[in-house]
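Each chain, written out:
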Amino acid sequence: MNPQAKLISTTSLLLGTSITISSNHWMTAWIGLEINTLAILPLISKTHHPRAVEASTKYFLTQATASTLLLFASMINAWFSGQWDITQLTHPMSCMLSTVAISIKLGLVPFHFWFPEVLQGSTMTTCLLLATIMKFPPITLFYLTSPSLNSTLLTSMAIASAALGGWMGLNQTQTRKVLAFSSIAHLGWMTIILNYDPNLTLITFYLYTVTTSAIFLILNTTNTLKLSTVMTTWTKIPPLTTIFMLTLLSLAGLPPLTGFLPKWLIIQELTKQELTATATAISLLSLLGLFFYLRLAYCATITLPPNFTNYMKQWQTNKPTNPLTTIFTSLSIMLLPLSPMVLTIS
């Protein structure tokens, strides 16, 4: 890709995200979302592969639909209440339409269909952007409108996302699709607590972003796209593969790693709200995700070549490790002791 075009796309991506997260007017938030959509499309289709073109087309159509619904919801709200302020979402129809629109943008069940396919057709770096930065503006809109949203609808979508994300990830052999369904399952955890403690939704998103970024950067360094290739990474960079295993277990939410913190706090808050059945259900559904994280960790560290699957033998990589990989992996493994400070900041 042309460096100038890449710079323009990246700058527009940051600009669109900044406009949306800092706006309190529906029109400026919508403009920021549109800038984001247009900025990421060249990055998705830059390889000129048919899968990449397909992914960019699916992404454009779903995001355009979501943006139209969001604009329609804000116009209905302005028509009945005279308010364009994001926090003044009062009309029931506007609340429902905005929930649907933001869910499409995030990839929540039942609007998840586009997300795994788009990630599968993109490069690892673009997947990292789609799974982290591109979810920040919709999560911010959810945060700002959380007092007006229907808790029953959000809880149903959250439970469905956690169930489908874990269930569909079980039989995947492509690492990008595994991480796509992992993202859907984590969105369920973020959404289920939105009505009761929106700050906890943001903390969960931040920690998910750190952990997922570490995994994508490691996979990009080792050039790993399939589970059969994961089995050969131990012979290329053993220390990085060990860290990869710990980061996967952190994403699964096992103590004493960082990923345990948001799940622990969410279960605690749901129990305080006397939603013990909901907390139990989403905790049990997270075991599905734990299974495929353990399978990835098993393939990376315990299964050593030679094996009986057909794959191309890869020699030790000469690609230097990105400094960001070290930072993100350290945070995703060792942040749990700092949890009192995280809670104080929030």
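Residues numbered from 1 in each chain as written. Predicted model: local features only at pLDDT ≥ 70, side-chain atom pairs only at ≥ 80, totals over all residues. Heavy atoms only, no water.

**Things to note about the nonpolar core**
Then comes step 1: In this structure, Ile 40, Tyr 59, Leu 130, Leu 141, Phe 142, Phe 216 and Phe 244 are the most contacted members of the largest nonpolar core, which totals 69 residues.
Then comes step 2: Ignoring sequence-local partners within four residues, the contact set of Ile 40 consists of Leu 13, Tyr 59, Thr 126, Leu 129, Leu 130 and Met 134.
Then comes step 3: Formed by 18 residues, the second largest nonpolar core is a distinct cluster that contains Ala 158, Ala 162, Leu 265 and Leu 285. (Core = buried A, V, L, I, M, F, W, Y, C linked by side-chain atoms within 4.5 Å. Buried < 20%, exposed > 50% of the residue type's maximum accessible area, 1.4 Å probe, protein only. Contact = heavy atoms within 4.5 Å.)

**Here we look at the pattern of salt bridges**
Then comes step 1: Inspection of every chain in the model, using the stated rule, returns 4 salt bridges.
Then comes step 2: A salt bridge links Arg 51 to Glu 54; the nearest nitrogen and oxygen atoms lie 3.9 Å apart. Within this pair, Arg 51 and its partner Glu 54 are both found in helix α3 (residues 50–81), separated by 3 residues, close to a single helical turn.
Then comes step 3: Of the residues examined, Glu 54 reaches a relative accessible area of 34% and is grouped as partly exposed.
Then comes step 4: One salt bridge in this structure joins Glu 54 and Lys 58, with 2.8 Å as the shortest N-O distance. Taken together, the positions of Glu 54 and Lys 58, both in helix α3 and 4 residues apart, correspond to about one turn of that helix.
Then comes step 5: Overall, the relative accessible area of 30% leaves Lys 58 in the partly exposed class. (Salt bridge = Lys/Arg side-chain N within 4 Å of Asp/Glu carboxyl O. Helix = DSSP H or I, 4+ residues; strand = E, 2+ residues; numbered from the N terminus.)

**What about a nonpolar patch on the surface?**
Then comes step 1: A surface patch of nonpolar side chains, about 300 Å² in accessible area, is lined by Leu 38, Phe 60 and Leu 61.
Then comes step 2: Here Leu 61 lies in helix α3.
Then comes step 3: On the basis of relative accessible area, Leu 61 is assigned to the exposed category, the value being 51%. (Patch = residues over 30% accessible without salt bridge, like charges linked within 9 Å, V, L, I, M, F, W, Y side chains within 5 Å. Areas by Shrake-Rupley, 256 points an atom, 1.4 Å probe, with all protein chains shown as cover.)

**Details of the environment of Asp 197**
Then comes step 1: Looking at the element boundaries, Asp 197 is found in the loop between α9 (175–192) and α10 (198–222).
Then comes step 2: Considered as a pair, Asp 197 and Leu 336 are 139 residues apart in the sequence and their alpha carbons are 20 Å apart.

**Overview of the UniProt feature "transmembrane region" (unreviewed entry) in the chain**
Then comes step 1: When the UniProt feature table is mapped to this numbering, "transmembrane region" (unreviewed entry) covers residues 59–79, 91–115, 151–171, 178–196, 202–219, 240–261, 281–304 and 324–345.
Then comes step 2: Summarising residues 202–219: 100% helix, 0% strand, and an end-to-end C-alpha distance of 26 Å.
Then comes step 3: A distance of 24 Å separates the end C-alpha atoms of residues 240–261, which is 68% helix and 0% strand. (UniProt positions renumbered as here; feature names shortened; annotations may be inferred.)

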